[in-house]
Amino acid sequence: METELKDRVVLVTGASTGIGAATARAYAQEGARVAISYRNNPEKAEKVVSEIEGAGGQAFAVRLDLEALETVEEAVAAVVAHWGRIDVLVANAVRWGGDGPPDPSVRFEHVPLEEWQAMVSANLIGAAAQVRAVLPGMRSRGWGRIVLISSSVAEEGVPGPGPYGTSKSGLYGLARSLAWEAGRDGILVNVVAPGFTLTDSRPVPKAIADRIAAGTPTRRLSVSDDVAKLVVFLGSGANGNLTGEVVRDGSSAARAPHVGP
Ligand SMILES: NC(=O)c1ccc[n+]([C@@H]2O[C@H](COP(=O)([O-])OP(=O)(O)OC[C@H]3O[C@@H](n4cnc5c(N)ncnc54)[C@H](OP(=O)(O)O)[C@@H]3O)[C@@H](O)[C@H]2O)c1
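Residues numbered from 1 in each chain as written. Predicted model: local features only at pLDDT ≥ 70, side-chain atom pairs only at ≥ 80, totals over all residues. Heavy atoms only, no water.

(A) Representation of a nonpolar patch on the surface within the structure. Taken together, the side chains of Met1, Phe233 and Leu242 make up a nonpolar region of the molecular surface, amounting to roughly 330 Å² of accessible area. With respect to the helices and strands, Leu242 occurs in the loop between helix H8 (224-234) and strand S9 (246-248). Judged by its relative accessible area of 33%, Leu242 is partly exposed. (Patch = residues over 30% accessible without salt bridge, like charges linked within 9 Å, V, L, I, M, F, W, Y side chains within 5 Å. Areas by Shrake-Rupley, 256 points an atom, 1.4 Å probe, with all protein chains shown as cover. Salt bridge = Lys/Arg side-chain N within 4 Å of Asp/Glu carboxyl O. Helix = DSSP H or I, 4+ residues; strand = E, 2+ residues; numbered from the N terminus. Buried < 20%, exposed > 50% of the residue type's maximum accessible area, 1.4 Å probe, protein only.)

(B) Local environment of the pairing of strand S2 (residues 33-38). With respect to burial, S2 is a largely interior element, six of its six residues being buried. Along S2, one buried face is formed by Arg33, Ala35 and Ser37 and the opposite face, lined by Val34, Ile36 and Tyr38, is buried too. Here strand S1 (residues 9-12) runs beside S2; their pairing, made up of four bridges, is parallel. Within S2, the residue paired with Val12 across the bridge is Ile36. Crossover S1 to S2 through helix H1 (residues 18-29) is right-handed. Where S2 lies against strand S3 (residues 58-63), six bridges are found, and the strand directions are parallel. Bridge assignment links Arg33 to a residue of S3, and that residue is Gln58. Following the backbone out of S2, through helix H2 (residues 42-54) and into the adjacent parallel S3, one traces a crossover that is right-handed. (Pairing = 2+ DSSP bridges. Right-handed = clockwise from strand over helix to strand, strands pointing away.)

(C) The arrangement of the pattern of salt bridges in detail. In this structure the tally under the stated criterion is 16 salt bridges. The salt bridge involving Asp87 is made with Arg85; its shortest N-O contact spans 2.9 Å. The salt bridge partner of Lys206 is Asp210, with a shortest N-O separation of 2.6 Å. Linking Lys206 with Asp210, this pair stays in helix H7 (residues 206-214), spanning four residues, or about one helical turn. The exposure class of Lys206 is exposed, given its relative accessible area of 60%. Each of Arg39, Arg63, Asp65, Glu67, Arg95 and Glu115 takes part in one network of salt bridges that share partners.

(D) Up close: the environment of Ile36. When you line up the elements, Ile36 lands in strand S2. For Ile36, a relative accessible area of 0% puts it in the buried group. Distance in space between the C-alpha atoms of Ile36 and Ala213 is 30 Å, their sequence separation being 177 residues. What Ile36 contacts, discounting residues up to four positions off in sequence, is Val12, Ala15, Ser16, Ala24, Ala45, Val48, Val49, Ile52, Ala59, Phe60, Ala61 and Val62. (Contact = heavy atoms within 4.5 Å.)

(E) Expanded view of the sheet that holds S3. Strand order in the open sheet made by the seven strands is S3-S2-S1-S4-S5-S6-S9, with parallel pairing throughout. Of all strands in the sheet, those bounded by a partner on one side alone are S3 and S9. Sheet twist, expressed as the mean angle between neighbouring strand axes with direction ignored, is 20°. Strand contacts of H2: S2 and S3, with the helix running at about 170° to S3, the strand carrying the most contacts. On top of the sheet, helix H3 (residues 70-83) reaches S1, S2 and S3; it is set at about 155° to S3, its chief contact. (Axes fitted to C-alpha atoms, helices over the stretch in contact; angles between N-to-C directions.)

(F) Focus on the site of the ligand. Residues in close proximity to the ligand total 30 residues, the closest being Ser16, Ile19, Asn40, Tyr164 and Ser201. With respect to the ligand, the backbone of Ile19 contributes an N or O atom lying 2.7 Å from an oxygen atom. One of the backbone nitrogen or oxygen atoms of Asn92 is found 2.8 Å away from an oxygen atom of the ligand. Contact with the protein chains covers 92% of the free accessible surface of the ligand, which is 900 Å². Mapped by element, the contributors of at least two residues to the shell around the ligand are H1 and helix H6 (162-182). For the shell around the ligand, the residue count by class is 12 nonpolar, 13 polar and five charged. (Near = heavy atom within 4 Å. Polar contact = N/O pair within 3.5 Å; in protein donor to acceptor, adjacent residues only side chain to side chain. Nonpolar A, V, L, I, M, F, W, Y, C, P; charged D, E, K, R; others polar.)

Here's what the structure looks like:
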């Protein structure tokens, strides 16, 4: 299948680790020039850049902070200054809140409203800011692909982390509206909703991973590369006319709650 990505410019936000880093590498393997955003870990982003360049590809690291939305436009401007365009946006950067994924033991009423505001601002309005910044260029060239990274938590829910799941479910509405608005300009926009995914950023004890995997349709958890391949398909010329959709991967823990080990 032809992805038509050779020399296209792709911005993958939050690509210093995890799913974003795997996605950046996967785009580079298809011949795309890849901009990688980071927030706190420039050295990890530079490592991804070095890996891509070492394999003969082109990559460029730029800082983007979802908690300082002016940096979104600055990052996009830096990529455009470097390569002249952005053809594909993968809005993958995430504000987890705290030190990592949300804590399911936290009681709903104990989450301060400030945390709701910060989460929705970063993960939902932050995604809208990324789209706003890249859209005029895509429109002017009559071609673009946008992939928003949500989470199975958006639909399935989990105890406790209301703000995170809510911010991720907002991406569905964003994609559906944008698909109608930008489709006539050759821009396709879709959501990928990964389930629990094994990444290089956070080790998960095997017993926990096995328990979650047992409740999935495939009885295995996705790894970053599984999600990356899906994103590259949706965000490439191989995707001819699929837009406004949410694609769930096989790692969703609660997709098949009746399934046992
Ligand atoms: N892993 C999973 O099980 C899972 C499941 C469902 C959905 N997802 C979604 O998949 C995406 C990637 O997840 P992941 O597990 O691969 O994440 P990760 O490894 O923790 O990486 C997060 C990325 O986002 C950046 N980042 C963190 N805070 C940021 C902020 N405030 N502003 C801008 N960038 C920020 C980090 O940059 P620095 O490290 O440089 O600070 C890093 O590049 C996220 O959108 C997440 O919601 C993940």
